[in-house]
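Spelled out, the chains give:
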Amino acid sequence: MTALDTDQTDIVPMKAALSSTDFVPSKDMAPPGRAAAVTRLLTRKQKAAIIVRLLLAEGAVLSLQDLPEALQAELIRQMSDLRYVDRATLKSVIEEFVHEIEDIGLAFPGDIETTLSILDGAISPSTAARMRKMAGVRLTGDPWATIAALDPALLLDVLETESTEIAAVLLSKLKVSVAADLLGQLPGPRARKVAYAVSQTGAIAPDVVERIGRSLADQLGARPPRAFDDGPVERVGAILNASPAATRDDVLDGLDQDDTAFATAVRKAIFTFADIPTRITPTDIPKITRDVDQAVLVTALVAATDDLAPVADFILGAISKRMSEQIREEMAERGPVKPKDGEAAMSAIVAQIRALEAAQEIALIPDDDD
């Protein structure tokens, strides 16, 4: 390893050096001559400042913002106090730094929040939330990076409930595409107020923006973890998608009586065989039918009578003429289909559509009411 080979592990000795008030040189590292004497007089903080200055001068990228603010301030003070370091002393400091780096077998983060970030995905969200609460952890690093990684639904709630000034700062710190999407989901009057407030944010001091970000990150991080990845509308819609038509209609009728708004939202989340002509682009039909067993496709099309007849015509009209003629011949030979078999075949086609949508191979046309 050379003096300029740097990664996140290199921050560990720097952090320790900046936190220290004294320096005790390693016995086996003391170089000969004047450089050794000068090096022994340097504190660990000064040596850390020298290494940082060297690495930055050589174009290395250091994640110094991950250090606590007190250590960042100490680094600035040490670098501003130093004036000139001769080559022999610099070489001695580098050798000592490299020796310390090479002696590190494994580095641990040293705080709860960073440890939980490393363990993200390996431990349950509830355990992580409980540990944060027990330790009274406050966010370190850039709060806006943490906020940007949150679920947009949480950010939309902030835009709707916080003051227009806070909402404007939040909107300004997000990616343009995310900000535009969230702004489009706000009611018209609220969206106009927030957009106007953005024009008034030019004079806000950076420390104020950071305090706002830290407060929002703490506030959003204090929310209990979600037990489900999807919302209730999506979960009920997915269940009803896979349910028989009679069950689906019965449940939706009951939801209409108990909660009309929820029932309406669930209906929008449901995609059925009947929705194919209005929600599927004709050019996507060959992708859908390609991986559906032809016998299943024939069964579904034969069962698509009465109100579903336009769906069968739409599918047959979107595939090649040769394939369409072949399927029509098989439909004529198939004969009557039991309702149960027809519904199962239609469900298989809907499942294929959902799978292709999840894989982003096709995109559903938005509902006219959305």
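Please read all numbers here as calculations on a predicted model, not as lab measurements.

### A short note on the overall build of the protein chain
In step 1: Broken down by element type, the protein chain carries 22 helices and zero strands.
In step 2: Taking all 370 residues of the protein chain together, 34% fall into the buried category.
In step 3: Summarising the internal contacts of the protein chain: among those between residues at least 6 apart in sequence, 77% fall at separations of at least 24.
In step 4: Total accessible area on the protein chain is roughly 22,100 Å²; 56% of this is exposed by carbon and sulfur atoms.

### Topic: the confidence of the model for the protein chain
In step 1: Confidence in the prediction for the protein chain averages 80 pLDDT; 81% of positions are at 70 or higher.
In step 2: Counted against residues more than four places away or in other chains, residues 1-10, with its pLDDT under 50, gives 22 contacts.
In step 3: A low-confidence stretch, residues 20-32 (pLDDT under 50), is modelled with 20 contacts involving residues beyond four sequence positions or located in other chains.

### Regarding a nonpolar patch on the surface
In step 1: Taken together, the side chains of Ile-118, Leu-119 and Ile-123 make up a nonpolar region of the molecular surface, amounting to roughly 240 Å² of accessible area.
In step 2: Along the chain, the position of Ile-123 falls in the loop between α6 (112-118) and α7 (125-135).

### Examining the pattern of salt bridges
In step 1: Tallying each qualifying case throughout the model produces 11 salt bridges.
In step 2: Here Arg-211 ties to Asp-207 by a salt bridge, and the two come within 3.1 Å at their closest N and O atoms. Of this pair, Arg-211 and Asp-207 both sit in helix α13 (residues 206-221), four residues apart, roughly one helical turn.
In step 3: For Asp-284, the salt bridge goes to Lys-287, with nearest N and O atoms at 3.7 Å.
In step 4: Through salt bridges with shared partners, a single network forms among Lys-45, Glu-74 and Arg-77.

### Regarding the nonpolar core
In step 1: Residues Phe-273, Ile-276, Ile-280, Ile-285, Ile-349 and Ile-353 are the most contacted members of the largest nonpolar core, which totals 31 residues.
In step 2: Elements represented by at least two residues in this core include exactly α18 (285-290), α19 (294-303), α20 (309-318), α21 (321-334) and α22 (339-358).
In step 3: Those residues in contact with Ile-285 that lie beyond four places of it in its chain are Ile-276, Ile-280, Phe-314, Ile-315, Ala-318 and Ile-319.
In step 4: Ranked by size, the runner-up nonpolar core spans 22 residues in total, among them Ile-166, Leu-174, Val-209 and Leu-220.

### What about the side chain of Ser-243?
In step 1: In this structure, Ser-243 sits in the loop between α14 (232-241) and α15 (245-258).
In step 2: Setting aside residues up to four positions removed in sequence, Ser-243 forms contacts with Arg-248 and Glu-343.

### As for the side chain of Arg-279
In step 1: Relative to the elements of secondary structure, Arg-279 occurs in helix α17 (residues 276-279).
In step 2: On the accessibility criterion, Arg-279 (11% relative accessible area) is buried.
In step 3: Within the local environment of Arg-279, its side chain forms a polar contact with the backbone oxygen of Ile-365, the two atoms lying 2.4 Å apart.

### Regarding α15
In step 1: In this model α15 runs 20 Å from its N-terminal to its C-terminal C-alpha over 14 residues, within 8% of the 20 Å that 1.5 Å per residue would give.
In step 2: Here α15 has its buried residues at Arg-248, Leu-252 and Leu-255. One face of α15 carries all of its buried residues, which in axial projection span an arc of 60°. Residues Ala-246, Asp-250, Gln-257 and Asp-258 are exposed on α15 and point more than 90 degrees away from its buried face.
In step 3: Buried-residue contacts for α15 involve α14 and α16 (260-269).

### A look at the packing of helix α10 (residues 164-173) against helix α12 (residues 188-198)
In step 1: The geometry of α10 relative to α12 is characterised by a closest axis approach of 8 Å and an angle of 70° between their N-to-C directions. As judged from the angle between their axes, α10 and α12 are roughly perpendicular. Counting all contacts with α10, which are made through Thr-164, Ala-167, Ala-168, Leu-171 and Ser-172, the residues of α12 involved are Arg-190, Lys-193, Val-194, Ala-197 and Val-198.
In step 2: Class assignment for the residues of the contact of α10 with α12 results in six nonpolar, two polar and two charged.

### Quick notes on the environment of Thr-299
In step 1: Along the chain, Thr-299 turns up in helix α19.
In step 2: Given a relative accessible area of 10%, Thr-299 falls into the buried group.
In step 3: Every residue in contact with Thr-299, bar those within four places of it in the chain, is listed here: Arg-334, Val-337, Asp-341, Gly-342 and Ala-345.

### Some thoughts on the environment of Leu-301
In step 1: One can find Leu-301 in helix α19.
In step 2: We classify Leu-301 as buried; its relative accessible area is 2%.
In step 3: On a C-alpha basis, the gap between Leu-301 and Val-311 in space is 8.1 Å, while along the polypeptide they are 10 residues apart.
In step 4: Discounting residues that sit within four places of it in the chain, Leu-301 has contacts with Ala-312, Ile-315, Leu-316, Ile-327 and Met-331.

Criteria and thresholds
Residues numbered from 1 in each chain as written. Predicted model: local features only at pLDDT ≥ 70, side-chain atom pairs only at ≥ 80, totals over all residues. Heavy atoms only, no water. Helix = DSSP H or I, 4+ residues; strand = E, 2+ residues; numbered from the N terminus. Buried < 20%, exposed > 50% of the residue type's maximum accessible area, 1.4 Å probe, protein only. Contact = heavy atoms within 4.5 Å. Areas by Shrake-Rupley, 256 points an atom, 1.4 Å probe, with all protein chains shown as cover. pLDDT = per-residue confidence, 0-100. Patch = residues over 30% accessible without salt bridge, like charges linked within 9 Å, V, L, I, M, F, W, Y side chains within 5 Å. Salt bridge = Lys/Arg side-chain N within 4 Å of Asp/Glu carboxyl O. Core = buried A, V, L, I, M, F, W, Y, C linked by side-chain atoms within 4.5 Å. Polar contact = N/O pair within 3.5 Å; in protein donor to acceptor, adjacent residues only side chain to side chain. Expected span 1.5 Å × (residues − 1). Arc of directions from axis to C-beta. Axes fitted to C-alpha atoms, helices over the stretch in contact; angles between N-to-C directions. Parallel < 35°, antiparallel > 145°, perpendicular 65-115°, else oblique. Nonpolar A, V, L, I, M, F, W, Y, C, P; charged D, E, K, R; others polar.

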